[in-house]
Amino acid sequence: MSSLALAARDSSTMVRRQLKRIVRYPSMTIQLIITPVIILLLFVYVLGGTLGSGLGGGRDAYVNYVVPGILLMTAATAATGTAVMVATDMTEGIVARFRTMRISRASVLTGHVVASVVQQLFGMAVLIGIALAIGFRPNASAVEWLAAAGMLTLFAVAVTWLSVALGLKSSTPEAASNAPMPLILLPFLGSGFVPTDSMPTALRWFAEYQPFTPIMETVRGLLLGTPIGNSGAIAAAWCAGLALLSYLWAKRTYNKA
């Protein structure tokens, strides 16, 4: 069997390990899914009427506006759990045990990444289902839905590799749980909850040029038909660059551990 086939076999084994781990301990998954849902309901039903009026509508207009930002928050929240799992594996000695076995070194990290992306996409699907139930009304075609799903998947892969790298660098699982926190806050500091032109000048500059804003604008445009401009290309470049740099950082840290 070729080395590539062996790596694929070992990676699939590690993916199954992580998926079984997620199923066996559902409390973290439930927490990671419930948190964005609570934020969605809070903003739509408590603040949506007021914030929606600034968009030229009401609560219905606001739920359409806010969903793309909370989708990114869902992925970032789930990625926090990935950092904790990676740090747990590193500190409890299971990775040291894997190193003594004849398995592909890359398969351990691949298992974490693939299982986390599956978890994030499941969380996004749950969020979209709840959003549809409370008034989210996208007008996207099947092709636009696929494009939005592709963008969200690329984003999930990027933040997962970053969380894996942060988990590898963390000394304890507790420290790893705090490391990805800025990822959860970035939708608030972008166009996720209010348009950037309503912000003070300095904050507006940051909000318009930080990486989450073009991703949210791309997803919003694909699902709701708002202008995308060059946001799609910028979003894809941000995600691909972040994924590559995070992968190289994680690989280097893992090999030196």
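In what follows, the structure referred to is the one given above.
Reading the values: the criteria
- Residues numbered from 1 in each chain as written.
- Predicted model: local features only at pLDDT ≥ 70, side-chain atom pairs only at ≥ 80, totals over all residues.
- Heavy atoms only, no water.
- Axes fitted to C-alpha atoms, helices over the stretch in contact; angles between N-to-C directions.
- Helix = DSSP H or I, 4+ residues; strand = E, 2+ residues; numbered from the N terminus.
- Parallel < 35°, antiparallel > 145°, perpendicular 65-115°, else oblique.
- Left-handed = near helix turned anticlockwise from the far one by under 90°.
- Contact = heavy atoms within 4.5 Å.
- Nonpolar A, V, L, I, M, F, W, Y, C, P; charged D, E, K, R; others polar.
- Phe/Tyr/Trp six-rings, centres within 6.5 Å; stacked < 30°, edge-to-face > 60°.
- Buried < 20%, exposed > 50% of the residue type's maximum accessible area, 1.4 Å probe, protein only.
- Lys NZ or Arg CZ within 6 Å of the ring centre and 35° of its normal.

A. Just the packing of helix H5 (residues 105-133) against helix H11 (residues 231-256), in detail. Contact pair H5 / H11: the axes reach a minimum separation of 11 Å and the direction vectors enclose 130°. It follows that H5 is oblique to H11 by the angle criterion. Seen along the crossing, H5 lies across H11 with a hand that is right-handed. Note on element contacts: H11 touches H5 through Ala250, Tyr254 and Asn255, opposite Arg105, Val108 and Leu109. Counted by class, the contact of H5 with H11 contains 4 nonpolar, 1 polar and 1 charged residues.

B. Focus on the packing of aromatic side chains. All chains considered together, the criterion is met by 6 aromatic pairs. Between Trp161 and Tyr247 the ring centres are 5.1 Å apart and the planes differ by 80°, which places this aromatic pair in the edge-to-face class. Of this pair, Trp161 sits in helix H6 (residues 142-169) while Tyr247 sits in helix H11, and the two are 86 residues apart along the sequence. Overall, the relative accessible area of 12% leaves Trp161 in the buried class. Residue classification places Tyr247 among the partly exposed residues on the basis of a relative accessible area of 32%. Look at Trp205 and Tyr209: their rings are 5.4 Å apart centre to centre, the planes differ by 40°, and that puts the pair in the tilted class. Note that Trp205 and Tyr209 are positioned in helix H9 (residues 201-209) at a spacing of 4 residues, about one turn of the helix. Judged by relative accessible area, which is 56%, Trp205 ranks as exposed. Taken together, Phe43, Phe188 and Phe193 form an aromatic cluster joined through their ring pairs. For the cation-ring pair, Arg220 lies above Tyr65, with the distance from its terminal atom to the ring centre recorded as 3.9 Å.

Everything listed is a geometric property; what it means functionally is a separate question.
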